[in-house]
Amino acid sequence: MKSRNLLAIILGALLIAVLVSGCAAPAAPAADAPAADEAATEEPAEEGASEEAAEAIYIPVISKGFQHQFWQAVQKGAEQAAADLGVEITFEGPETEAMVDKQVEMMQTALDKAPAAIALAALDSQALIPLLQKAQDAGIPVVGFDSGVDSDIPVTTAATDNVAAAAMAADKMSELIGGSGKVAVIVHDQTSRTGIDRRDGFLNQMEAEYPDIEIVNVDYGAGDQLKSTDLAKAVMQANPDLNGYFGANEGSIIGVLNAAKELGREGELVIIGYDSGLQQMEAIRSGVQAGAITQDPIGIGYKAVEAAVMALNGEEVPEMIDTGFHWYDAENIDSDTILPLLYE
């Protein structure tokens with residue numbers, strides 16, 4: 001009996017030992033501890049990143065459109081400035097440079113996002129002034145680029161001196177047609193600051209300096225190649241003794257080139273353009289077009305964003321930022337000075 005009791009005690013002790021051992025087995029292994037520590041350190045890092053993203057400086061850049069390669073070059077410059085300066089931008093514009101109402105909507109949408117600043121190339125020098133006032137009231141600095149407005153609300157405007165550039169085109173036209181003759185002009189619009197300044201810069205220089213040159217026609221083609229082609233053809237047909245044609249932007253001058261080709265007048269007219277683009281560059285290299293005025297579109301985009309950041313930092317910015325211009329023709333188009341400013 002005693003032996004049975006002893007055996008029962010021994011078996012009970014063994015059972016207890018097994019149970020205790022089984023309960024200890026699920027304890028977390030030491031190797032798992034660092035993983036928990038890593039998870040704990042990752043969480044604050046993600047939180048910090050989201051805070052940094054939330055504090056990013058946002059600047060919408062509203063251009064006149066996208067249909068010309070000029071604006072693609074401006075966008076490239078703006079994006080480079082954003083990368084260099086550590087800010088976030090969006091680059092947008094209406095489908096055509098005739099869509100003033102669409103640009104007004106884009107400006108309102110941009111204001112609704114409460115951006116840090118806005119960069120604007122206005123299609124109409126008057127239409128956006130009420131929204132510029134809203135921006136000023138909200139403490140949002142506005143930087144103009146390419147084309148200014150009839151208001152002192154923008155803190156600065158990064159643009160070509162279009163009056164001086166168009167006057168240079170007039171000087172070249174007079175030189176190439178011998179100081180007298182008939183000249184026609186086609187401009188992208190009569191509402192934007194660039195359209196007004198390029199038209200007036202050319203016409204005023206002609207009137208002041210070259211009285212023997214007659215301006216037979218001034219048309220507005222909305223920067224549209226097809227519309228500009230039709231307008232230029234009508235002028236050429238009505239003026240068989242026309243000596244020269246000035247196109248005030250890429251779309252305008254391509255219309256003139258198309259018209260001259262369709263009417264068999266290539267080589268008969270002195271054709272002077274503005275900006276660049278593949279068709280215009282090929283026409284200059286071949287001699288069909290005498291030359292053109294080039295801006296610095298990449299520089300315009302870069303300086304617009306740079307000026308916006310300067311304004312946000314409380315730095316002084318000039319009233320106007322002159323981004324420069326050059327005359328180019330077949331002789332210097334591939335030079336180190338001109339070629340970097342052109343786009344295809």
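Residues numbered from 1 in each chain as written. Predicted model: local features only at pLDDT ≥ 70, side-chain atom pairs only at ≥ 80, totals over all residues. Heavy atoms only, no water.

Student: Before we go on, may I ask you to explain helix α10 (residues 278-286) in this structure?
Tutor: The periodicity of an α-helix, 3.6 residues per turn, causes residues three or four places apart in sequence to face the same way. Buried within α10 we find Gln 280, Met 281, Ala 283 and Ile 284. What you see down the axis of α10 is that its buried residues fit within an arc of 160°, all on one side. In the core, the buried residues of α10 are packed alongside α9 (250-262), β9 (270-274), β10 (291-294) and β12 (326-328). A positive backbone phi angle near 95° is found at Gly 287, which sits one or two residues after α10. (Buried < 20%, exposed > 50% of the residue type's maximum accessible area, 1.4 Å probe, protein only. Helix = DSSP H or I, 4+ residues; strand = E, 2+ residues; numbered from the N terminus. Arc of directions from axis to C-beta. Contact = heavy atoms within 4.5 Å.)

Student: Sorry if this is basic, but what is going on with the sheet that holds strand β6 (residues 181-187) here?
Tutor: Each strand in a sheet pairs with its neighbour through backbone hydrogen bonds, running either in the same direction (parallel) or in the opposite one (antiparallel). Across the sheet, 6 strands lie side by side as β7-β6-β8-β9-β10-β12; this open sheet has mixed pairing. In this open sheet, the two strands that pair with only one neighbour each are β7 (213-220) and β12. Each adjacent strand pair in this sheet contributes to an overall mean axis angle of 15°, direction not counted. Pairing analysis gives 4 bridges linking β6 to strand β8 (residues 244-247), with the strands arranged parallel. Bridging from a neighbouring strand, Val 183 pairs with Gly 244 of β8. Along the sheet, helix α7 (residues 193-209) contacts β6, β7, β8 and β9; its crossing angle with β7, the most-contacted strand, is approximately 170°. (Pairing = 2+ DSSP bridges. Axes fitted to C-alpha atoms, helices over the stretch in contact; angles between N-to-C directions.)

Student: Whenever I open this one, empty space enclosed by the protein confuses me. Can you help?
Tutor: Picture a little ball the size of a water molecule; that probe, rolled over the atoms, points out where space is still empty. With the rule as written, the count across this model stands at 2 cavities of 30 Å³ or more. Looking at the largest cavity, it is lined by 13 residues, and the ones nearest its centre are Trp 71, Glu 97, Arg 198, Asn 249 and Asp 275. Of all the secondary structure elements, the ones that give two or more residues to the lining of the largest cavity are α3 (69-85) and α7. When the residues that make up the lining of the largest cavity are grouped by side-chain class, the tally is 2 nonpolar, 5 polar and 6 charged. (1 Å grid on protein atoms, 1.4 Å probe; cavity = no way out; pocket = protein on both sides within 12 Å on 5 of 7 lines; lining within 4 Å. Points joined across faces, edges and corners; volume = space filled by probe spheres on them. Nonpolar A, V, L, I, M, F, W, Y, C, P; charged D, E, K, R; others polar.)

Student: Looking at this structure, how should I read the side chain of Thr 160?
Tutor: Note on placement: Thr 160 falls in the loop between β5 (156-159) and α6 (162-177). A relative accessible area of 5% places Thr 160 in the buried class. Within polar-contact distance, the side chain of Thr 160 engages the side chain of Gln 295 at 2.6 Å. What Thr 160 contacts, discounting residues up to four positions off in sequence, is Ala 165, Tyr 274, Gln 295, Ile 300, Asp 322, Thr 323, Gly 324 and Phe 325. (Polar contact = N/O pair within 3.5 Å; in protein donor to acceptor, adjacent residues only side chain to side chain.)

Student: Is there a simple way to explain the layout of surface pockets in this structure?
Tutor: Approximately 350 Å³ is the volume found for the largest pocket. Of all elements in the fold, only β5, α6, α7 and β11 (320-322) reach the threshold of two or more residues within the lining of the largest pocket. Taken together, the residues that form the lining of the largest pocket break down as 5 nonpolar, 8 polar and 7 charged.

Student: I keep staring at the side chain of Asp 189 and nothing clicks. Help me out?
Tutor: With respect to the element layout, Asp 189 can be found in the loop between β6 and α7. Side-chain polar atoms of Asp 189 contact the backbone nitrogen of Thr 191, separated by 3.1 Å.

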